[in-house]
Amino acid sequence: MNGIIRVGLIGAGANTRLRHIPGFREQRDVEIVAVANRSRESGERIAGEYEIPKVYDNWVELLHDDSIDAVCIGTWPYMHRNLVLASLESGKHVLTEARMAMNADEAHQMLDASRLSPELVTQIVPAPQTLQVDNTVIDLLNDGYVGDILAVRLRVCDNHARANRADTFIDYDAPLHWRQDRNLSGYNILAWASGTRPSCATWARQRK
């Protein structure tokens, strides 16, 4: 309508506020028109801060809004598959925050659903850790520089759930961060192994 893409936010966490909301606002033909956060209260707080006109109690209500063209999913990974499938079923374009899904099976379901709706744009936010080298790696692969890839081993230092973000070692006595909880992040947990043994309590939480 009028060449404007109307976007609804499902989940408005730190990265959505830091990256996506400012990014959408920079686009001339894009408007953020609705938000559904973890609670009505937090949704209203986000709406007030960023001048978003509509607040929904839950994401189902947001997807039923026919005036919304596209959604940005900023929830934790355990919700990504369900939200992408529901968004596509509602006829909406969708941008999903990294990480894509809890596991490969969910990711394939999302991919299959996107292929069944070729008229809709289905995108995923790239994880930031390798952005500086991604194009170089792609160019090398396309040129055949590294030969046939048999395996890839990548180690990325993440600084979540640390009192001191400059510290490169995991604090096993700190509370479990959602990025380290397999129930919320699936196989995307960012801090699984290190050179020291975790406490039994932490190990037990990771294994649940």
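Residue positions are given per chain, counting from 1 as you read along its sequence in written order. The model is predicted, so local features are restricted to residues of pLDDT at least 70 and side-chain atom pairs to those at 80 or more, both for listing and for counting; the totals for chains, interfaces and linings are taken over all residues. Side-chain numbers come from the whole structure's heavy atoms, not from hydrogens or water.

### Considerations on helix α5 (residues 104–115)
Thought 1: Helix and strand definitions follow DSSP, with helices as H or I runs of at least four residues and strands as E runs of at least two, each counted in order from the N terminus. For a helix, the expected span equals 1.5 Å multiplied by the residue count minus one. Between its first and last C-alpha, α5 extends 16 Å over 12 residues, near the 16 Å set by a 1.5 Å rise per residue.
Thought 2: Among the residues making up α5, those that are buried are E106, A107, M110, A113 and S114. Projected onto a plane normal to the axis of α5, the buried residues spread over an arc of 125 degrees and lie on a single side. Facing away from the buried side of α5 by over 90 degrees, the exposed positions are A104, D105 and R115.
Thought 3: Where α5 is buried, its residues touch α4 (80–89) and β6 (122–124).
Thought 4: Under the rule applied, a polar contact is a pair of N or O atoms within 3.5 Å (in protein, one hydrogen donor and one hydrogen acceptor; residues adjacent in sequence only if both atoms are side-chain atoms). Among the residues of α5, the N-terminal cap falls to N103, whose side-chain oxygen and the backbone nitrogen of D105 are separated by 3.2 Å. The buried label goes to any residue with under 20% of its type's maximum accessible area, the exposed label to any with over 50%, and the partly exposed label to all in between, with areas taken from a 1.4 Å probe on protein chains only. For this quantity, the arc is that covered by the directions from the helix axis to the C-beta atoms. Throughout, a contact is declared for two residues whenever any of their heavy atoms are within 4.5 Å.

### Observations concerning the pairing of strand β5 (residues 93–96)
Thought 1: At least two bridges found by DSSP between two strands is the condition for calling them paired. With 4 bridges connecting them, strand β4 (residues 70–73) and β5 associate as parallel partners. The residue bridging V71 from the neighbouring strand is V94, located in β5.
Thought 2: Handedness rule for crossovers: strands pointing away from the viewer, path from the first strand over the helix to the second running clockwise, crossover right-handed. You can see the chain leave β4, run along α4 and come back into β5, and the turn it takes is right-handed.
Thought 3: In the sheet, β5 pairs with β6 via 3 bridges, with the strands oriented parallel. Following the sheet pairing, T96 is matched in β6 by I124.
Thought 4: Considered for its hand, the β-α-β crossover made up of β5, α5 and β6 is right-handed.

### Let's talk about the sheet that holds β6
Thought 1: Strand order in the open sheet formed by 6 strands is β3-β2-β1-β4-β5-β6, and the pairing between neighbours is parallel. Two strands lie at the open edges of the sheet, namely β3 (54–55) and β6, each paired on one side alone.

### Details of the packing of aromatic side chains
Thought 1: Stacked, tilted and edge-to-face are the three classes assigned to paired rings of Phe, Tyr and Trp, where Trp is represented by its six-membered ring and a pair needs centres within 6.5 Å; plane angles under 30 degrees give stacked, over 60 edge-to-face, the rest tilted. What the rule picks out here adds up to 0 aromatic pairs.
Thought 2: Above the face of the W76 ring, R38 is positioned so that its terminal group lies 4.8 Å from the ring centre. Criterion for a charge above a ring: Lys NZ or Arg CZ within 6 Å of the ring centre, and within 35 degrees of the ring normal.

### Looking at a nonpolar patch on the surface
Thought 1: Patch membership requires more than 30% relative accessible area and the absence of a salt bridge. Residues of like charge join within 9 Å; the nonpolar side chains Val, Leu, Ile, Met, Phe, Trp and Tyr join within 5 Å. Accessible surface is estimated by sampling points in the Shrake-Rupley manner with a 1.4 Å probe; for residues, cover comes only from the protein chains shown. Salt bridges are identified by distance alone: a Lys or Arg side-chain nitrogen within 4 Å of an Asp or Glu carboxyl oxygen. Side chains of V133, V137, L140, L141, Y145, V146 and I149 sit close together on the surface and give an oily, nonpolar patch of about 620 Å² of accessible area.
Thought 2: By secondary structure assignment, the location of Y145 is in the loop between α6 (131–142) and α7 (182–185).

### Topic: the pattern of salt bridges
Thought 1: By the definition in use, this model includes 4 salt bridges.
Thought 2: Here R40 ties to E44 by a salt bridge, and the two come within 3.0 Å at their closest N and O atoms. Of the two residues, R40 and E44 are both situated in helix α2 (residues 40–50); the distance of 4 residues between them amounts to about one turn of the helix.
Thought 3: Judged by relative accessible area, E44 falls into the partly exposed class, the value being 42%.
Thought 4: Note that D57 is salt-bridged to R40, the shortest N-O span being 3.2 Å. Taken as a pair, D57 in the loop between β3 and α3 (59–63) and R40 in helix α2 lie far apart in primary sequence, 17 residues in all.
Thought 5: Given a relative accessible area of 43%, D57 falls into the partly exposed group.

### Side note on the confidence of the model for the chain
Predicted coordinates in regions of low pLDDT should not be interpreted in detail.
Thought 1: This prediction gives the chain a mean pLDDT of 83; 79% of its residues lie at or above 70.
Thought 2: Here residues 191–208 is a poorly scored stretch, pLDDT under 50, and it has 22 contacts once near neighbours within four places are set aside; other chains count. Values of pLDDT, the confidence the predictor places in each residue, fall between 0 and 100.

### So, unusual backbone geometry
Thought 1: The linkage connecting A98 with the following residue, R99, adopts the cis geometry, with an omega of 5 degrees.
Thought 2: In the Ramachandran plot, E51 falls in the positive-phi region, its phi being about 55 degrees despite a non-glycine side chain.
Thought 3: One can find E51 in the loop between α2 and β3.

### Here we look at the pairing of β4
Thought 1: Of the two faces of β4, both are covered, the one formed by A70 and C72 as well as the one formed by V71 and I73.
Thought 2: Alignment of strand β1 (residues 5–10) against β4, held across 4 bridges, turns out to be parallel. Within β4, the residue paired with G8 across the bridge is V71.

### Notes on the nonpolar core
Thought 1: As used in this record, nonpolar core signifies buried Ala, Val, Leu, Ile, Met, Phe, Trp, Tyr and Cys residues forming a set joined through side-chain atoms within 4.5 Å. Membership of the largest hydrophobic core comes to 21 residues, with the highest contact counts inside it found for L62 and V71.
Thought 2: When contributions to this core are tallied by element, the ones reaching two or more residues are β2 (30–36), α3, β4, α4 and α5.
Thought 3: Among the elements that line this core, the one with the most residues is α4, at 4 residues.
Thought 4: Sequence-distant contacts of V71, defined by excluding residues within four places in its chain, comprise G8, I10, L62, L63, S87, K92, H93, V94 and L95.
Thought 5: Ranked by size, the runner-up nonpolar core spans 17 residues in total, among them A12, I21, A47 and Y50.

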